[in-house]
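What the coordinates show
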Amino acid sequence: MGRPAVLVIAGSDSSGGAGLARDVRTLETMGADALCAVTAVTAQTDGEVLGVYPVPPDQLRAQIDAALATRPINAIKIGMLAGRGALEVVAQALRAVPGVPVVLDPVLRASSGGALLEDPGFEVLRTRLFPQVTVLTPNIPEAAALCGEPAPRDDPGRERLVEWAAELLAQGPGAVLLKGGHARGATVADLLARRGSSAVWFTGPRLAATRRGTGCALASAIAASLAAGADLEDACRRGREHVRALLEEVQSQGASGERNGELAVHG
Ligand code: PLP
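Presented here is an overview of the structure given in this document. (Residues numbered from 1 in each chain as written. Predicted model: local features only at pLDDT ≥ 70, side-chain atom pairs only at ≥ 80, totals over all residues. Heavy atoms only, no water.)

Another point: the overall build of the chain. A count of helical and extended segments in the chain gives eight helices and nine strands. Here the C-alpha radius of gyration of the chain, 17 Å, is about what a compact globule of 267 residues would show, namely 18 Å. For the chain, the C-alpha atoms occupy an extent of roughly 45 × 40 × 40 Å along the three principal directions. A fraction of 72% describes how many contacts in the chain between residues 6 or more apart in sequence connect residues 24 or more apart. Put simply, the chain has 26 plus and 29 minus side-chain charges, and the middle of one group is 2 Å from the middle of the other. (Helix = DSSP H or I, 4+ residues; strand = E, 2+ residues; numbered from the N terminus. Rg over C-alpha atoms; globule rule 2.2 N^0.38 Å. Contact = heavy atoms within 4.5 Å. Lys, Arg positive; Asp, Glu negative; His and termini not counted. Charge placed at Lys NZ, Arg CZ, Asp CG, Glu CD.)

Pasting the structure below:
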C-alpha cells in the first residue's frame, strides 16, 4: 500500500498550535496523507478564544463528500465540531464509510477556557456519533462533562477514571482512551478501555512542559497508525510516543510554559 490517507474533520486555530494545523503536521510526521474538511474557523490566541465561525453544514458535507471522492480513506480523525449542524452532517457522512476506523477527540473547550462546542451538541454527540466511533479520546474535564459532572478540582484518582471510561463506553464508542494529563502526580496514566477486552493503562513520567494541541496531535497520530494497519493498543502507544516527543522538544528548547496549555498529555 502507498501512504495511508486520513480524513481530518476539524476546526482551524489561528494561533497555529491546535486544530487542523496540528492535525496535518502530525499526519505528515506519521507518514500519512491528510484530506481535510473544516468544521469551523476560530480566531484564537494561546490565551483566548476570540471568535468561532462555524462552516455552514451543507458546505461541510460538500468538503467531506469531495474528500471521499478523491481517494480511498484509511481512517478518519474528528476534532472540533462547533455545533449541532456539523455533528448531524458528520454522523450522516460516516454511514457512507462503514469499517473505516474513526478517532473522535471530543473537543469541548480550548485550554484557554473558550467553548468550542455549544451545549445542545452533547446529546447528538452521544446518540448519533459515539456509536460510529472506534476510539473516543477525552481528557478528564471532557470525560466528566460527557458523564454530566463538573470538572473535578482535585485529582480524581484511577478508580474514577475507570468509572468514567465505563460510563462513556456505555454511551456507544468501541473504545475510550481516557487521558490522565489533567490529573496530578509524577506519573501520567492514560486508560484504554475497550468493549469486550481488558483495560490497558499507559503510564509515563510527567514532563515539565506544556504545548497547545497535544490532544489534537494524539488523536491524529492514533488515526495515522490505525490507517497504517496498527491495532488499537499499538496505535495508542505510538500516539503517546508522538506527543511525548512534542513535549520533549519544548523541554529541550528550555521553553517550558512557552504556550498556555495543560501539563503533560493532553488537550
Ligand atoms: N482549537 C481548536 C480549533 C481545536 O480543535 C482544539 C482541540 O482540538 C483546541 C483549540 C484545543 O487545543 P488546546 O487544548 O491546546 O487549546
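Moving on, we get to the state of the cysteines. Enumeration over the complete set of coordinates arrives at zero disulfides. Cys147 carries a free sulfur, and the closest cysteine sulfur to it, the one in Cys236, is 18 Å from it. Its relative accessible area of 12% is what places Cys147 among the buried residues. (Disulfide = S-S within 2.5 Å. Buried < 20%, exposed > 50% of the residue type's maximum accessible area, 1.4 Å probe, protein only.)

What follows is about the site of the ligand. Around the ligand, the surrounding shell holds 15 residues, and the nearest of these are Gln44, Ser111, Arg212, Gly213 and Cys216. The contact in question runs from an oxygen atom of the ligand to an N or O atom on the backbone of Ser111, over 2.8 Å. Within the contact set of the ligand, an oxygen atom lies 2.7 Å away from a backbone nitrogen or oxygen of Gly213. If the ligand stood free it would expose 390 Å²; the protein chains cover 97% of that surface. For the shell around the ligand, a count of residues per class yields six nonpolar, seven polar and two charged. (Near = heavy atom within 4 Å. Polar contact = N/O pair within 3.5 Å; in protein donor to acceptor, adjacent residues only side chain to side chain. Areas by Shrake-Rupley, 256 points an atom, 1.4 Å probe, with all protein chains shown as cover. Nonpolar A, V, L, I, M, F, W, Y, C, P; charged D, E, K, R; others polar.)

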